[in-house]
Structure formats: structure tokens, C-alpha cells
Amino acid sequence: MIAAVLAGGKSRRFGDDKLLYKVDGKPIVMHTIERLLKAENIDDVVIVTCQEKKEDFEALGFRVLIDDLLVGPIGGIFVALKEVGDAFIAAGDLPLINPKFVDYIVERFYESKSLACIPMWANGYIEPLHAVYSKDFLPILKEQIKKGEYMIRKAVERVDPCYILIDDFPEEFKESFFNINTKHDLKRLLD
Ligand SMILES: Nc1nc2c(ncn2[C@@H]2O[C@H](COP(=O)(O)OP(=O)(O)OP(=O)(O)O)[C@@H](O)[C@H]2O)c(=O)[nH]1
Ligand SMILES: [Mg+2]
């Protein structure tokens, strides 16, 4: 399966582009990508970003898809599924993403034959940017975007996804969802 890394955000909370910010000599997004490529079920990575940042991300050596919808992550998912079919969707700012957890989610997706396989916390909060989606989810996404409804949760609730209960997993798996939003979050990464 292809992993599509969403990289079209504005990093408003971070300041400059958080995905290109270097930690241990590597852009944060490369930490995410290298971990994704360690997953046995992931064959390759594509990066989904906006036109202006195309060259910056191509320089990392991966295929870049252009998201010109400008509607947030839901647009990135739409572009990814349209171009590559079924995909593991990952936010670019997940430098501790766990390859074993990625493999597990992909396996559950194949077994369940659902339109999406999405991790969920005990309180019902979902992690839609660390999840697998089927290309058959495209018509739903299209309708939602057309309506101006950009919350991924709303699209997901229209189908019967396979939810993966995160709290059933050991602590090390939960780190997989650690994402960088502010410069302060870098501290935890360097610990
Ligand atoms: N392709 C694409 N990716 C997006 C879009 N909006 C956000 N993302 C990505 O989705 C991931 C999670 O988004 P956020 O954590 O909110 O990142 P952000 O929007 O850059 O940051 P803030 O401006 O601080 O909210 C990041 O990897 C973003 O680059 C979009 O419109 N298109
Ligand atoms: Mg955002």
C-alpha cells in the first residue's frame, strides 16, 4: 500500500513550515516518512502539498501530488485517494509514528473490507490522519467537500468504518500519534 503524507498546511501555530524544520539534521517530515517506509505493508510514499511548496518537497526525493483544493486535510485525502487509490494517510508531523502500528492498521483494513480503518481513543476522539482509506470513500469525500463540510469526522460517520481502539495498545504505540504543532512540542522529541 502507498502512504500519502499530508504536507499542505500553513504551520500557523509553529511559525515557519514545521515539516521542513530540521531535527537531528533531518526535516520533521523525513522522520515521519522514514518510519512509514519501515512498515512492511507500506511500499512507497507520496507527499500531498500545495503548488507553492512543490519543489521543497520534491527535493526530498518523493513523488509530490498537488492539492489545490485549499480546504484542509480532507482535501489532501481526496487528492491522495484519487491519484493512488487505497492509501495509508499520515499527517507529515508525526515523527514518532510506529511502523508496527501502521502495519496493524493496514491489516485490519484488508480484513474488514471497510471504507476506512481509523484509530479511536476511549473518549471517542478519532485520529483520521493516521488511518487507511479505500478509494471507494472518494464519492463521500467529494460530496462533503462540495457541501463545504470539511470535518473529516463528518465524512467518516457517514460510512461504517473499522475503528481501532487505541487504549487497547501498549504505551509505545500511543506515541505514534504525537504530533508537532508548536515549537514547544519539539522539546518532547529531543528528550
Ligand atoms: N494536503 C494538505 N495537507 C494539509 C492541509 N492542511 C493541513 N495539512 C496537513 O495536515 C497535517 C495536520 O495539520 P495541522 O497540524 O493542522 O497543520 P497545519 O495546518 O500546517 O498547522 P496550523 O496552521 O498550526 O493548524 C499537517 O501535516 C499539515 O501539513 C491542506 O489543506 N492540504
Ligand atoms: Mg491546521
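Parameters at a glance
- Position numbers for residues count from 1 along each chain, tracking the sequence in the order it is written.
- Note on labels: chains are lettered from A, ligands numbered from 1, in written order.
- Reporting of local features is limited, given that this is a predicted model, to residues whose pLDDT is at least 70; pairs of side-chain atoms are given and counted only at 80 or more, and all residues count toward the totals for whole chains, interfaces and linings.
- The side-chain figures draw on all heavy atoms in the structure; neither hydrogens nor water molecules are used.
- Runs of H or I in DSSP of at least four residues are treated as helices and runs of E of at least two as strands, each being numbered from the N terminus.
- Based on C-alpha atoms, the radius of gyration is set beside the globule rule, defined as 2.2 Å times the residue count to the power 0.38.
- Here's how the labels work: a residue is buried when its accessible area is under 20% of the maximum for its type, exposed when over 50%, partly exposed in between, all with a 1.4 Å probe on protein chains only.
- Contact definition: two residues touch when any of their heavy atoms are within 4.5 Å.
- Positive charges come from Lys and Arg alone, negative charges from Asp and Glu alone, with His and the N- and C-terminal ends not counted.
- For this purpose, a charge sits on NZ of Lys, CZ of Arg, CG of Asp or CD of Glu.
- For this purpose, a residue is taken to be near a molecule or strand whenever a single non-hydrogen atom of the residue falls within 4 Å of it.
- We define a polar contact as two N or O atoms separated by no more than 3.5 Å, with the added condition that, inside protein, one atom must be a possible hydrogen donor and the other a possible acceptor, whereas residues neighbouring each other in sequence contribute only through side-chain atom pairs.
- Each accessible area value is a Shrake-Rupley result obtained with a 1.4 Å probe; residue values ignore everything except the protein chains displayed when judging cover.
- UniProt positions are given in the numbering used here, feature names are shortened, and annotations may be inferred rather than shown by experiment.
- Here a cavity is any set of points on a 1 Å grid over the protein atoms alone where a 1.4 Å probe fits but cannot get out, and a pocket is any open set with protein on both sides within 12 Å along at least 5 of 7 lines; a residue lines the site when it has an atom within 4 Å of a point.

Structural notes on the overall build of the chain
In terms of regular secondary structure, the chain is built from eight helices and nine strands. Against the 2.2 N^0.38 benchmark of 16 Å for 191 residues, the chain shows a C-alpha radius of gyration of 15 Å, consistent with a compact globule. Reported as C-alpha extents along the three principal axes, the dimensions of the chain are approximately 40 × 40 × 30 Å. Looking at the chain as a whole, 53% of its 191 residues qualify as buried. At a minimum sequence separation of 6, the contacts of the chain that also span at least 24 residues come to 67%. Within the chain, the 32 negative side-chain charges are centred at a point lying 4 Å from the centre of the 26 positive side-chain charges.

Some thoughts on the site of ligand 1
Around ligand 1, the surrounding shell holds 20 residues, and the nearest of these are Leu6, Ser11, Arg12, Arg13 and Asp67. Between ligand 1 and Val48 there is a distance of 3.2 Å, counted from a nitrogen atom to a backbone nitrogen or oxygen. Take Gly92: an N or O atom from its main chain is 3.0 Å from an oxygen atom of ligand 1. Notes on ligand 1: free accessible area 620 Å², of which the protein chains cover 86%.

Overview of the UniProt feature "binding site: GTP" (unreviewed entry) in the chain
The residues that UniProt annotates with the feature "binding site: GTP" (unreviewed entry) are Leu6, Ala7, Gly8, Lys18, Asp67 and Asp93. Residues from the named set that contribute to the lining of the largest pocket are Leu6, Ala7, Gly8, Lys18, Asp67 and Asp93. Relative to the assigned elements, Leu6 resides in strand E1 (residues 2–6). Exposure remark for Leu6: the relative accessible area of 11% places this residue in the buried category. Aside from chain neighbours lying at most four places away, what touches Leu6 is Leu19, Val48, Pro73, Gly76, Ile77, Ile89, Ala90, Ala91, Gly92 and Leu129. Inspection of the secondary structure assignment puts Lys18 in the loop between E1 and strand E2 (22–23).

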